[in-house]
Amino acid sequence: MPATPPKAALPPPWIDERSARAQIAEVAREIYGRKLSGATDGNLSVRVGADRVVTTPSGVHKGRLTPERMVVVDLQGRVVGRPAAGADGKALKPSSELALHLAAYRARPDVGAVIHAHPPNAIAYTLAGGQLSETLVSEVVFACGQIATAPYTTPTTQQVPAMLAEYLRCYDVVMMLRHGSVTVGRDLDSALARLDALEHTAGIYCMVRMLGGAAPIAPAEVDRLFDLAHPQPPPYRTPGTGCPPPEAPAEADAALVAAVLRALGARS
Ligand SMILES: [Zn+2]
């Protein structure tokens, strides 16, 4: 078994539930407005205590979210308290991808907020076979650290949290192939800043590809950038931590596409 990575394990100062509700509503609207996710796609959460998480409800348009329309759960995913009613009068349920958020909180006590989004440039670049783990520009090292791309798993199934737990143990920014991103942070602002930097960087990488490509920064300079940006080496730069490699795994076959279509059909 790999050793436990030396990630800072101290929990962040948790904010109160009322503030978390307001912050999530504001950031959700921003994510929708900036097209980092469409309509009801994606989900956000903030940890407000040792066993409490405030999260976005399932099926509610991210541009229309209000602080009252959140769901509070414990770390097992059980709804706590009386949930608000949706537009149809029925009680709101947590997102179908809640398990992904809970996996992050279980894997990383230092994480206070999680954002799952569908950033189009980042999805397109990885779909086209690009490696976001490459360092073509220096700033990404400061904003995101190492971007990792995880294999495809069927959305809403237990495959997603099981696979992501391994990645989030090590990385703050993870792309899920053919699906979307997961960014974590001590608070919602830092998780949003990482999502922002991921998508901005992917946009540049897409343009570079269209212009004919570019060489990555030399490995010695990448090491220097990581030393400057992360004086305490993160797990993925620490030997013996057993972190999965950041490169996107090779894939793409008919069975995979069929699995995606089945999953989408099952949710419609
Ligand atoms: Zn998703």
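Before reading on, note that the structure itself is shown above.
Residues numbered from 1 in each chain as written. Predicted model: local features only at pLDDT ≥ 70, side-chain atom pairs only at ≥ 80, totals over all residues.

Caption draft 1: Molecular detail of the environment of Pro94. Secondary-structure assignment places Pro94 in the loop between strand 3 (71–73) and helix 2 (98–107). Along the sequence, Pro94 and Gly77 sit 17 residues apart, while their C-alpha atoms lie 8.3 Å from each other. In contact with Pro94, not counting residues within four places along its chain, are Thr55, Pro57, Ser58, Val71, Val73, Gly77 and Val79. (Helix = DSSP H or I, 4+ residues; strand = E, 2+ residues; numbered from the N terminus. Contact = placed C-beta atoms within 7 Å.)

Caption draft 2: Structural view of the sheet that holds strand 2 (residues 52–55). A sheet is described by the order of its strands in space; here seven strands give the open sequence 3-2-1-4-7-6-5, paired in mixed fashion. Each of the sheet's edge strands pairs with one partner strand only, and the pair in question is strand 3 and strand 5 (147–150). Between one strand axis and the next, the sheet turns by 20° as a mean value, whatever way the strands run. With five bridges joining them, strand 4 (residues 113–117) and strand 7 (residues 180–185) adopt antiparallel strand pairing. Along strand 7, the bridge assignment pairs Ile115 with Thr183. The sheet contacts of helix 1 (residues 17–33) involve strand 1 (43–49), strand 2, strand 3 and strand 4, and relative to strand 1 the element is tilted by about 165°. (Pairing = 2+ DSSP bridges. Axes fitted to C-alpha atoms, helices over the stretch in contact; angles between N-to-C directions.)

Caption draft 3: Quick peek at the packing of helix 3 (residues 120–127) against helix 6 (residues 188–210). Taken N-terminus to C-terminus, the directions of helix 3 and helix 6 make an angle of 45°; their axes are 7 Å apart at the nearest point. Viewed along their axes, helix 3 and helix 6 adopt a mutual orientation that is oblique. In the packing of helix 3 onto helix 6, the handedness of the crossing is left-handed. Here helix 3 contributes Asn121, Ala122, Ala124 and Tyr125 to the contact with helix 6, which in turn contributes Leu198, Glu199, Ala202, Gly203, Tyr205 and Cys206. Grouping the amino acids of the contact of helix 3 with helix 6 by side-chain chemistry returns seven nonpolar, two polar and one charged. (Parallel < 35°, antiparallel > 145°, perpendicular 65-115°, else oblique. Left-handed = near helix turned anticlockwise from the far one by under 90°. Nonpolar A, V, L, I, M, F, W, Y, C, P; charged D, E, K, R; others polar.)

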